[in-house]
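Spelled out, the chains give:
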Amino acid sequence: MIEAGDFRVSRPSQALERLEAALAQARVVPVRMPADLAEAMTATASRLGRPVGHLVREAVAYYLAAAEAYGAAQAQQAEAPDGPEGGPGGKVR
């Protein structure tokens, strides 16, 4: 909520409850990467005014969304006929 600039809470205790719930569900994932990639990520995070962890979460979310879209496209392509009916790869009645 803080990273998104969403400060809509009716009372401070509600914000603390949400933070505690989010932290209780969060998992720490150690990551190793080449030094040049880590330096580029640190520089980009600094330029954007975001924590490095934010960039890592965004990159993983982007990758997972792209992988899901790719998988859906592959499944759709597998269901479609390969060619016009009666043509190469098509259905013959």
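Worth saying up front: this structure is predicted, and the values here are computed from it rather than measured. (Residues numbered from 1 in each chain as written. Predicted model: local features only at pLDDT ≥ 70, side-chain atom pairs only at ≥ 80, totals over all residues. Heavy atoms only, no water.)

1. Observations concerning the overall build of the chain
Within the chain, the secondary structure is distributed over 3 helices and 0 strands. Its helices and strands taken in sequence order, the chain reads α-α-α from the N to the C terminus. Counting every position in the chain, which comprises 93 residues, the buried fraction comes to 6%. Carbon and sulfur atoms make up 60% of the accessible area of the chain, which amounts to about 8,200 Å² in all. (Helix = DSSP H or I, 4+ residues; strand = E, 2+ residues; numbered from the N terminus. Buried < 20%, exposed > 50% of the residue type's maximum accessible area, 1.4 Å probe, protein only. Areas by Shrake-Rupley, 256 points an atom, 1.4 Å probe, with all protein chains shown as cover.)

2. Brief notes about a nonpolar patch on the surface
On the surface, L16, L19 and L23 cluster together into a nonpolar patch covering about 300 Å² of accessible area. Within the secondary structure layout, L16 lies in helix α1 (residues 12–25). Take L16: its relative accessible area is 48%, and that puts it in the partly exposed class. (Patch = residues over 30% accessible without salt bridge, like charges linked within 9 Å, V, L, I, M, F, W, Y side chains within 5 Å. Salt bridge = Lys/Arg side-chain N within 4 Å of Asp/Glu carboxyl O.)

3. Comments concerning helix α2 (residues 35–48)
Taking 1.5 Å of rise per residue, the 14 residues of α2 would be expected to cover 20 Å, and the 20 Å separating its terminal C-alpha atoms lies within 8% of that figure. One or two residues past the end of α2 sits G49, with phi positive at roughly 70°. (Expected span 1.5 Å × (residues − 1).)

4. Structural notes on the confidence of the model for the chain
Residue-level pLDDT values for the chain average 83, and 75% of them are 70 or greater. Across the chain, the element-wise mean pLDDT spans from 84 in α1 up to 97 in α2. (pLDDT = per-residue confidence, 0-100.)

5. Focus on the environment of A38
Topologically, A38 is positioned in helix α2. Given a relative accessible area of 26%, A38 falls into the partly exposed group. Sequence-wise, A38 and V52 are 14 residues apart; in three dimensions their C-alpha atoms are separated by 9.2 Å.

6. Details of the packing of α2 against helix α3 (residues 52–79)
Here α2 crosses α3 at 105°, and the two axes come no closer than 8 Å. Regarding the angle of α2 to α3, the classification is roughly perpendicular. For the pair α2 and α3, the contacting residues are M41, T42, T44, A45 and L48 in the first and V52, L55 and V56 in the second. Of the residues in the contact of α2 with α3, the class split is 6 nonpolar, 2 polar and no charged. (Axes fitted to C-alpha atoms, helices over the stretch in contact; angles between N-to-C directions. Parallel < 35°, antiparallel > 145°, perpendicular 65-115°, else oblique. Contact = heavy atoms within 4.5 Å. Nonpolar A, V, L, I, M, F, W, Y, C, P; charged D, E, K, R; others polar.)

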